[in-house]
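Chain by chain, the residues run as shown.
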Amino acid sequence: MEKIKFSILATGNIANSMAKAVNGLEMFECYGAASRSYERAKHFAEKWGFQKAYGSYEELVNDPEAELIYVASPHSHHYRHAKLCLEHGKHVLLEKAFTVNASQAEELIALARDKGLLLAEAFWPRYMPSRQMIVDLIAQGVIGEVRSVVADFGGPISHVERLSRPELAGGALLDLGVYPLNFALTIFTEEVRDIQSSAVMSPEGVDWMNGITLTFEGAKTAVLHSNMLACMDNRGIIYGEKGYIETNALDNCSEIRVYDGDKKLTACYPVPEQINGYEYEAAACAEAIRNGRVECVQMPHSETMRLMRILDTVREQWGFKLPCE
């Protein structure tokens, strides 16, 4: 089967993780790397074995051989860069947070559908085997009816420039808070009936930390916290009527533990070995493209929009508007 030419737009830290993953996948040809600096792009391409380097994003999207582009720029630029790729006929794997608001996300999804192109959100836990393992355990009834989810994510990373600057869509919510939110939405498919939230804002005008409580139809709740000032344990816990399930990390967990009603550990499931976890979303994109789909079944557009609308509501409660909106 012919390989898909995989390219990367923006060559920052997260792009290195994706480059490592696609180098281990036979369905891809590491094709192009684009940066705002040709020297940075060239260094990245040489480091990871990409065939071409581009000193601008426009050069990449105008290359007729580029097929699938992973957009790894800051949140503030996702809409513009994904639109640029789609308008030039490229399939797109777009880093999370997908965009800064739901209206931007809706426009990109409509454009991708109109052009018959794949547009997928790179929310890596959604694509991992661990996600299906958790869903299967719940379906098997090992902890009974699920009633509540508690999750947190973060660390002392407020010094990172893109997190502290409003013009880069900084703050804990869009970078860190999406993890506990995504975890809750993976577990609960019911309609969200109520959203309550609060935040502590930085002097620069972004949220340092936040707390969110979601109430779902059917007497189910999620209590979620993200923070870029303090060390967090980054766990997710799913509470049922007969026990609870714990995942030891919201981003890339290594094991899933099951406890009974007496808080006794009854099972521990390690997740399969992996390259670094990014390979699953890339492979899902290849499968979707080969089957002519415009979305990945693991993270369909409906789930991206469900998350984006919650993020909009939360920021509206805080009065937190970004310069790029």
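Preceding this section is the structure that the text describes.
In this text, all values refer to a predicted model and were calculated from it rather than measured experimentally.

### Concerning helix H10 (residues 301-318)
For an α-helix the count is 3.6 residues per turn, leaving residues at separations of three or four pointing the same way.
Logical step 1: Compared with the 26 Å implied by 1.5 Å per residue over 18 residues, the 26 Å span of H10 between its first and last C-alpha is a close match.
Logical step 2: Inspection of H10 places His-301, Glu-303, Thr-304, Met-305, Arg-306, Leu-307, Met-308, Ile-310, Leu-311, Val-314, Arg-315 and Trp-318 among the buried residues, and these make up the whole buried set.

### Examining the pattern of salt bridges
Logical step 1: Taken as a whole, this structure holds 22 salt bridges when the rule is applied.
Logical step 2: Glu-255 serves as the salt-bridge partner of Arg-257, at 2.4 Å between the closest nitrogen and oxygen.
Logical step 3: In the salt-bridge network here, residues are joined through shared partners; they are Asp-233, Arg-235, Glu-246, Glu-255 and Arg-257.

### Notes on the sheet that holds strand E3 (residues 52-54)
Logical step 1: Taken in spatial order, the 6 strands of this open sheet run E3-E2-E1-E4-E5-E6, and their pairing is parallel. Both edges of this open sheet fall to E3 and strand E6 (119-122), since each of them pairs with a single strand only. Here the average twist between neighbouring strands, direction ignored, is 25 degrees.
Logical step 2: Relative to E3, strand E2 (residues 28-34) runs parallel, the two being bridged by 3 bridges. Opposite Gly-32, over in E3, you have Lys-52 as the bridge partner.
Logical step 3: This element, helix H2 (residues 38-48), spans strand E1 (4-9), E2 and E3 of the sheet and lies at about 160 degrees to E3.

### Thoughts on the layout of surface pockets
Logical step 1: Of the volumes computed, that of the largest pocket is approximately 990 Å³.
Logical step 2: If you trace the largest pocket, you find 33 residues lining it, with Gly-12, Asn-13, Ile-14, Ala-72 and Arg-162 closest to the centre.
Logical step 3: Elements with a minimum of two residues in the lining of the largest pocket: helix H1 (13-22), helix H3 (57-61), helix H4 (75-87), helix H7 (161-164) and helix H8 (172-187).
Logical step 4: For the lining of the largest pocket, the per-class residue count stands at 14 nonpolar, 10 polar and 9 charged.

### A few points about the packing of aromatic side chains
Logical step 1: Applying the stated criterion across every chain, the model contains 9 aromatic pairs.
Logical step 2: Taken together, a centroid distance of 6.4 Å and an interplanar angle of 15 degrees make the contact between Trp-318 and Phe-320 stacked.
Logical step 3: The exposure class of Trp-318 is buried, given its relative accessible area of 16%.
Logical step 4: Taken together through their ring pairs, the aromatic side chains of Phe-123, Phe-153 and Tyr-179 make up a single cluster.

About the cut-offs
- Residues numbered from 1 in each chain as written.
- Predicted model: local features only at pLDDT ≥ 70, side-chain atom pairs only at ≥ 80, totals over all residues.
- Heavy atoms only, no water.
- Helix = DSSP H or I, 4+ residues; strand = E, 2+ residues; numbered from the N terminus.
- Expected span 1.5 Å × (residues − 1).
- Buried < 20%, exposed > 50% of the residue type's maximum accessible area, 1.4 Å probe, protein only.
- Salt bridge = Lys/Arg side-chain N within 4 Å of Asp/Glu carboxyl O.
- Pairing = 2+ DSSP bridges.
- Axes fitted to C-alpha atoms, helices over the stretch in contact; angles between N-to-C directions.
- Contact = heavy atoms within 4.5 Å.
- 1 Å grid on protein atoms, 1.4 Å probe; cavity = no way out; pocket = protein on both sides within 12 Å on 5 of 7 lines; lining within 4 Å.
- Points joined across faces, edges and corners; volume = space filled by probe spheres on them.
- Nonpolar A, V, L, I, M, F, W, Y, C, P; charged D, E, K, R; others polar.
- Phe/Tyr/Trp six-rings, centres within 6.5 Å; stacked < 30°, edge-to-face > 60°.

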